[in-house]
Amino acid sequence: MTTPEPADRVLSRASLAEGSPTRWFDELYTAAARGEAEVPWTRGAPNADLADWVEPGEGRRALVVGSALGDDSELLASQGWAVTGFDVAPTAVEAARARFPESAVEYVVADLLKPPGEWHQAFDLVVEIMNVQAMPRTFRSAALTSLAGFLAPEGTMLVSEVAEEHFDMATWVSPPWPFSRAEIESVAQDGVKLLSLETIRDGARYWAEFTR
Ligand SMILES: C[S@@+](CC[C@H](N)C(=O)[O-])C[C@H]1O[C@@H](n2cnc3c(N)ncnc32)[C@H](O)[C@@H]1O
């Protein structure tokens, strides 16, 4: 007997074949809400590396890209950040609001590839953890340009993605599409500067910090 293919693989393949890099995310969250699928990246807890990094926000504005079910956004809000979390999947945004009904976080449906103009250089902290890598490489340049555009002067941007150098790309099955070091460094554009770039999790992921 063969093991059934996970829903994220089946849905992403169809969505990508029809030219949509993002449609499958909402389809997956919707199937999960019905108990018919698992969302592989949901942990029910904040990202451990972000939890190690977090510093008091003192009312400064933070933007969480690909906010999913809200755990990273809530972590930052609990540390005094004024948080906007956005996701392209409306079902994820609804689920985050339902999980945290008293939350101070503003959860918004938005697309990194077409972000609201008022977010330009509006955030003191931008958190990008494993979302850009979830779209095919053809969308990478546009996604990184959007990302750099969010960061306010003197702000901090955190970027964490799977490190291509750690894996055998000959046998890798996407999504996700891992990053090279040069691609992480290319977030430094339009006045954004790289502060540090390290590998974490035994070399499997990059953790980079930027400022403007
Ligand atoms: C692999 S998950 C990572 C979620 C979370 N950042 C984490 O670290 O667990 C990617 C998330 O980004 C969202 N996403 C994908 N493409 C997006 C886009 N273009 N704009 C906004 N959100 C997007 C998906 O709906 C999903 O919630």
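Since the structure is predicted, the reported quantities are computational estimates derived from the model, not experimental observations.

**Q** For this particular structure, what's the right way to read the overall build of the protein chain?
**A** Looking only at helices and strands, the protein chain has seven helices and seven strands in total. Taken from N to C terminus, the helices and strands of the protein chain fall in the order α-α-α-β-α-β-α-β-β-α-β-α-β-β. Over its C-alpha atoms the protein chain spans a radius of gyration of 17 Å, differing by no more than 12% from the 17 Å that the globule rule assigns to 212 residues. Dimensions of the protein chain, computed from the C-alpha atoms along their principal axes, are close to 55 × 40 × 35 Å. Counting the 212 residues in the protein chain, one finds 49% classified as buried. For the protein chain, the proportion of contacts with a sequence separation of at least 24, taken over those separated by at least 6, is 62%. One finds the centroid of the 17 positive side-chain charges in the protein chain at a distance of 3 Å from the centroid of its 33 negative side-chain charges.

**Q** When you look at the environment of Asp 71 in this model, what are you seeing that I'm missing?
**A** Position of Asp 71 relative to the elements: it lies in helix 4 (residues 71-78). A residue is classified by how much of its surface remains accessible, and Asp 71, at 14% relative accessible area, is buried. Each C-alpha atom, one on Asp 71 and one on Glu 165, is 28 Å from the other, the two residues being 94 residues apart in sequence. When near neighbours in sequence (up to four residues on either side) are disregarded, Asp 71 contacts Gly 44, Ala 45, Pro 46, Arg 99 and Phe 100.

**Q** Looking at this structure, how should I read the site of the ligand?
**A** Close contacts around the ligand come from 18 residues, with Tyr 29, Asp 87, Asp 111, Leu 112 and Ile 129 the closest. Between a nitrogen atom of the ligand and a main-chain N or O atom of Gly 66, the distance comes to 3.0 Å. A distance of 2.6 Å is found between an oxygen atom of the ligand and a side-chain nitrogen or oxygen belonging to Asp 87. Taken by itself the ligand offers 600 Å² of open surface, and the protein chains cover 96% of this.

**Q** Could you clarify how one ought to interpret unusual backbone geometry in this entry?
**A** Keep in mind that most residues, glycine aside, have a negative phi and that most peptide bonds are trans. Backbone torsion omega between Ser 174 and Pro 175 reads -5°, so that peptide bond is classified as cis. Structurally, Pro 175 can be placed in the loop between strand 5 (151-162) and helix 7 (181-185). A cis amide bond links Pro 175 to the next residue, Pro 176, at an omega of 0°. Unusually for a residue other than glycine, Asp 190 sits at a positive phi of about 55°. Relative to the elements of secondary structure, Asp 190 occurs in the loop between helix 7 and strand 6 (193-200). With a phi angle near 60°, Asp 202 is a residue other than glycine that sits in the positive phi range. As for its position among the elements, Asp 202 is in the loop between strand 6 and strand 7 (205-211).

**Q** Any chance you could explain the UniProt feature "domain: Methyltransferase" (unreviewed entry) in the protein chain here in plain terms?
**A** Those residues carrying the UniProt feature "domain: Methyltransferase" (unreviewed entry) are residues 63-155 in this numbering. Helix and strand shares over residues 63-155 are 31% and 27% respectively, and the end C-alpha atoms of the span are 11 Å apart.

**Q** Just to check I follow, could you spell out helix 1 (residues 7-17) for this structure?
**A** An α-helical turn contains 3.6 residues, so any two residues separated by three or four positions project in the same direction. Those residues of helix 1 not exposed but buried are Asp 8, Ser 12 and Ser 15. All buried residues of helix 1 project into a common sector of 65° when viewed along the axis, lining one side. Buried residues along helix 1 sit in contact with helix 2 (23-33). Immediately downstream of helix 1, the backbone of Gly 19 shows phi near 90°, a positive value.

Reading guide: rules and limits
Residues numbered from 1 in each chain as written. Predicted model: local features only at pLDDT ≥ 70, side-chain atom pairs only at ≥ 80, totals over all residues. Heavy atoms only, no water. Helix = DSSP H or I, 4+ residues; strand = E, 2+ residues; numbered from the N terminus. Rg over C-alpha atoms; globule rule 2.2 N^0.38 Å. Buried < 20%, exposed > 50% of the residue type's maximum accessible area, 1.4 Å probe, protein only. Contact = heavy atoms within 4.5 Å. Lys, Arg positive; Asp, Glu negative; His and termini not counted. Charge placed at Lys NZ, Arg CZ, Asp CG, Glu CD. Near = heavy atom within 4 Å. Polar contact = N/O pair within 3.5 Å; in protein donor to acceptor, adjacent residues only side chain to side chain. Areas by Shrake-Rupley, 256 points an atom, 1.4 Å probe, with all protein chains shown as cover. UniProt positions renumbered as here; feature names shortened; annotations may be inferred. Arc of directions from axis to C-beta.

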